[in-house]
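Summary of the model geometry
In case you want the letters, here they are:
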Amino acid sequence: MSVSAISVWENCLAFIEDNIQPQAFKTWFLPIKPVKLTDKSLSIQVPSKFFYEWLEEHYVKLLKVALTRELGEGAKLVYVIKMENTYGNREPFTEKIPSSNRGQMGPQEMDVPIKSKSPELKNPFVIPGIRNIKIESQLNPNYNFDNFLEGDSNRLARSAGLAVANKPGGTSFNPLLIFGGVGLGKTHLAHAIGVEIKDKYPERTVLYISAEKFTQQYIESVKKNTRNDFIHFYQLIDVLIIDDVQFLSGKSGTQDVFFHIFNHLHQNGKQVILTSDKAPVDMQDIEQRLLSRFKWGLSAELQSPDFETRISILKNKLYRDGVEMPEEIIDYVAKHIKSNIRELEGAIISLIAQSSFNKKEVTLDLAQQVVEKFVKNTKREVSIDYIQKVVSDYFEMDVATLQSKTRKRHIVQARQLAMFFAKKYTKASLASIGSQIGKRDHATVLHACKTVDNLAETDKQFRKYIEDLTKKFS
Ligand code: ADP
Ligand code: MG
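Calculation rules
- Residues numbered from 1 in each chain as written.
- Chains lettered and ligands numbered in written order.
- Predicted model: local features only at pLDDT ≥ 70, side-chain atom pairs only at ≥ 80, totals over all residues.
- Heavy atoms only, no water.
- Helix = DSSP H or I, 4+ residues; strand = E, 2+ residues; numbered from the N terminus.
- Buried < 20%, exposed > 50% of the residue type's maximum accessible area, 1.4 Å probe, protein only.
- Contact = heavy atoms within 4.5 Å.
- Areas by Shrake-Rupley, 256 points an atom, 1.4 Å probe, with all protein chains shown as cover.
- Pairing = 2+ DSSP bridges.
- Axes fitted to C-alpha atoms, helices over the stretch in contact; angles between N-to-C directions.
- Parallel < 35°, antiparallel > 145°, perpendicular 65-115°, else oblique.
- Nonpolar A, V, L, I, M, F, W, Y, C, P; charged D, E, K, R; others polar.
- Near = heavy atom within 4 Å.
- Polar contact = N/O pair within 3.5 Å; in protein donor to acceptor, adjacent residues only side chain to side chain.
- Domains from an automatic or database assignment.
- Salt bridge = Lys/Arg side-chain N within 4 Å of Asp/Glu carboxyl O.
- Phe/Tyr/Trp six-rings, centres within 6.5 Å; stacked < 30°, edge-to-face > 60°.
- Lys NZ or Arg CZ within 6 Å of the ring centre and 35° of its normal.
- Core = buried A, V, L, I, M, F, W, Y, C linked by side-chain atoms within 4.5 Å.

Turning next to the overall build of the protein chain. Scanning the protein chain for helices and strands turns up 19 helices and 9 strands. Looking at the protein chain residue by residue over its 474 residues, the buried ones come to 47%. In the protein chain, the proportion of contacts linking residues at least 24 apart, taken out of those at least 6 apart, comes to 74%. Carbon and sulfur atoms provide 52% of the accessible area of the protein chain, an area that totals close to 25,000 Å².

Glancing now at the pairing of strand β1 (residues 33-38). A regular strand places its side chains so that they alternate between the two faces of the sheet. Judged from the 5 bridges that link them, β1 and strand β2 (residues 41-46) form a sheet pairing that is antiparallel. In the sheet register, L37 faces β2, and the bridge partner there is L42. What sits between β1 and β2 in their antiparallel hairpin is a turn of 2 residues, with D39 showing a positive phi close to 50°.

Here the focus is the sheet that holds strand β5 (residues 176-179). The strand order across the open sheet formed by 5 strands is β6-β7-β8-β5-β9, and the pairing between neighbours is parallel. Only two strands of the sheet have a single partner each, and these edge strands are β6 (206-210) and β9 (298-301). Strand after strand, the sheet turns through a mean of 15° between neighbouring axes, direction not considered. The sheet contact formed by β5 and β9 spans 4 bridges and is parallel. Pairing of I178 across the sheet is with A300, part of β9. Strands β5, β6, β7 (239-243) and β8 (271-276) of the sheet are contacted by helix α5 (residues 186-200), whose axis makes an angle of about 150° with β5.

On to the packing of helix α16 (residues 409-425) against helix α18 (residues 442-458). Remark: α16 packs on α18, axes separated minimally by 8 Å, with the N-to-C direction vectors making an angle of 100°. The orientation of α16 relative to α18 falls into the category roughly perpendicular. Each of Q413, Q416, L417, M419, F420 and K423 in α16 lies in contact with α18, whose residues at this interface are T444, V445, H447, A448, C449, T451, V452, D453 and L455. By residue class, the composition of the contact of α16 with α18 is 8 nonpolar, 5 polar and 2 charged.

In the vicinity of ligand 1 there are 17 residues, among which G183, K186, T187, H188 and E345 approach most closely. Between an oxygen atom of ligand 1 and a side-chain N or O atom of K186, the distance comes to 2.8 Å. In isolation ligand 1 exposes 560 Å². Once the protein is present, 92% of that is buried. Taken together, the elements giving at least two residues each to the shell around ligand 1 come down to α5 and α12 (341-357). The residue makeup of the shell around ligand 1, split by class, is 7 nonpolar, 7 polar and 3 charged. A domain split of the shell around ligand 1 shows at least three residues from each of domain 2 (155-302) and domain 3 (307-377).

This paragraph deals with unusual backbone geometry. Cis geometry marks the peptide bond from N174 to P175; its omega dihedral reads 5°. Among the structural elements, P175 can be located in the loop between α4 (155-166) and β5. Residues other than glycine seldom take positive phi values, yet Q138 does so here, at roughly 60°.

Let's shift gears to the packing of helix α6 (residues 211-223) against helix α7 (residues 227-235). For any two helices packed against each other, one specifies the inter-axial angle together with the distance between the axes. Running from amino to carboxyl end, α6 crosses α7 at an angle of 145°, the nearest separation of the two axes being 7 Å. In this structure, α6 uses F214, Q217, Y218, S221 and V222 to contact α7, whose residues at the interface are R227, F230 and Y234. Here the contact of α6 with α7 is composed, by residue class, of 5 nonpolar, 2 polar and 1 charged.

This part covers the pattern of salt bridges. Tallying each qualifying case throughout the model produces 17 salt bridges. Of the charged contacts in the structure, one is a salt bridge between R289 and E287, with a shortest N-O distance of 2.8 Å. A relative accessible area of 28% places E287 in the partly exposed class. When the shortest N-O distance is used, the salt bridge between K464 and D468 registers 2.9 Å. In this pair, K464 and D468 both sit in helix α19 (residues 460-473), 4 residues apart, roughly one turn of the helix. Relative accessible area serves as the criterion here: at 19%, D468 is assigned to the buried category. Because the salt bridges share partners, they merge into one network encompassing E150, D152, R155 and R158.

This part covers the pairing of β2. When you tally the buried positions in β2, you get 6 out of 6 residues, the bulk of the element. The side-chain alternation of β2 yields two buried faces, one formed by S41, S43 and Q45 and the other by L42, I44 and V46.

Turning our eyes to something else, we now look at the packing of aromatic side chains. Two descriptors summarise a pair of aromatic rings, namely the distance from one centre to the other and the angle between the planes of the rings. Here the structure, examined in full by the defined rule, presents 20 aromatic pairs. Seen in terms of ring centroids, F233 and Y234 are 5.1 Å apart; in terms of plane orientation they differ by 85°. Their pairing is edge-to-face. On the basis of an interplanar angle of 85° and a centroid distance of 5.0 Å, the ring pair of Y394 and F395 is categorised as edge-to-face. Taking relative accessible area as the criterion, Y394 reaches 23% and is therefore assigned partly exposed. Among the residues examined, F395 registers a relative accessible area of 18% and is labelled buried. Here the aromatic residues F214, Y218, F230, F233, Y234, F258, F262, F294 and W296 are joined through ring pairs into a cluster of three or more. Its guanidinium or amino end placed over the ring of F259, R289 lies 3.9 Å from that ring's centre, counting from NZ or CZ.

For the rest of this paragraph, the subject is the nonpolar core. I193, M325, V333 and L351 are the most contacted members of the largest nonpolar core, which has 47 residues in total. Among the domains, domain 2 (155-302) and domain 3 (307-377) are the pair contributing at least three residues each to this core. Aside from chain neighbours lying at most four places away, what touches V333 is L314, L344, A347, L351 and V371. Listed in part, the 30 residues of the second largest apolar core include W9, F51, L63 and I81.

Here is the structure:
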């Protein structure tokens, strides 16, 4: 490494530091190492492809100004991407940046790979011997790609999953975020990716963990004063799969620690796979910096399966269980259970069980009964109409009375309770609740909710109403 490269870079750094936030400077510039200066081009080494992209996107102008000050017009910057090995002795990964890239400072060049053994690149976190500790993957081998049937609803997520499994950490799908509603296959697909990676790359450390368990472990580690060990453990993983990240909502300590683990893994070319019941834009109480990282890779949605996919999932299940069932029954089940694969499977399992226990044929009639149970169960989400009906029944009045303009106290209270429960159990806006419950405005609904909260604290009888009604809705 030439002295002049170092001193040129030091001067650039001084200039850059004066022009950006200290935190950004620390994150994005301190990790850079100057490697070489030839004529007017300075080569700098960055820890990951992502790092390079980030610099290009956010700091390219600043870099240009800084470097031009040092080297004059025509100054060029060459990035050398080097992923440090956390452990193991794989060769360092050096990558050529395509010259078509949007760099504005002239073409980036392929640079000589830097030898891996340079001592300053040692990872301080590696505990000697830790490599020998085997980390159990916690994967469920029954959730694999073979039995994750493909359909329009999951094609993108499934193929992204396969791509990641073929080249963990080596695609731009990092992190891979799989999102979608309950029972649509997020957990199954997440396991399938892990199982496939373990199969292809047995030496890689894969870990599946639910966000809930991750949180518990973290809390434990704080209690036991082993937070650092917790972090170091996770930094050793090659493929980290975290299920249901929406669980991290509002848990800022866990989010913070995950942020650090994520950055470390990502910078070292390790694969991160996440699942969530919501798209990143809809996640609430997740810190912005984490959300922005979720968006770095690919977010792929699992949608409700279409009719054909539902049929093939059912047939596959029956085939695996060695059970035959008339087409019309399969058709019936697939037609009536639409939005949840877990329930689809539940219904068919229930049919199989009924027929084998009772030694009777599965008739359309039986199928109807079973499906009804499942469909009723899915109808759990309550509607505002339903809430008004239940509240009116409870107070022995009809819905029209509940909605009327009267100021009689017990009617007002019933109406306020209906508004309160509508707010609590539906996603409707205050305005829409108001318009559905007797054409009131949003301020009235807001007032109703506050009144109910107050009365719940001060009035015992009223509290009983709330408890009784709550039971009816859950
Ligand atoms: P989620 O985690 O999204 O709530 P799961 O992964 O637990 O959903 O899936 C629910 C059930 O549906 C599981 O038994 C799973 O095996 C099954 N399933 C989901 N998607 C598929 C699919 N594409 N092919 C076959 N089975 C599926
Ligand atoms: Mg799940």
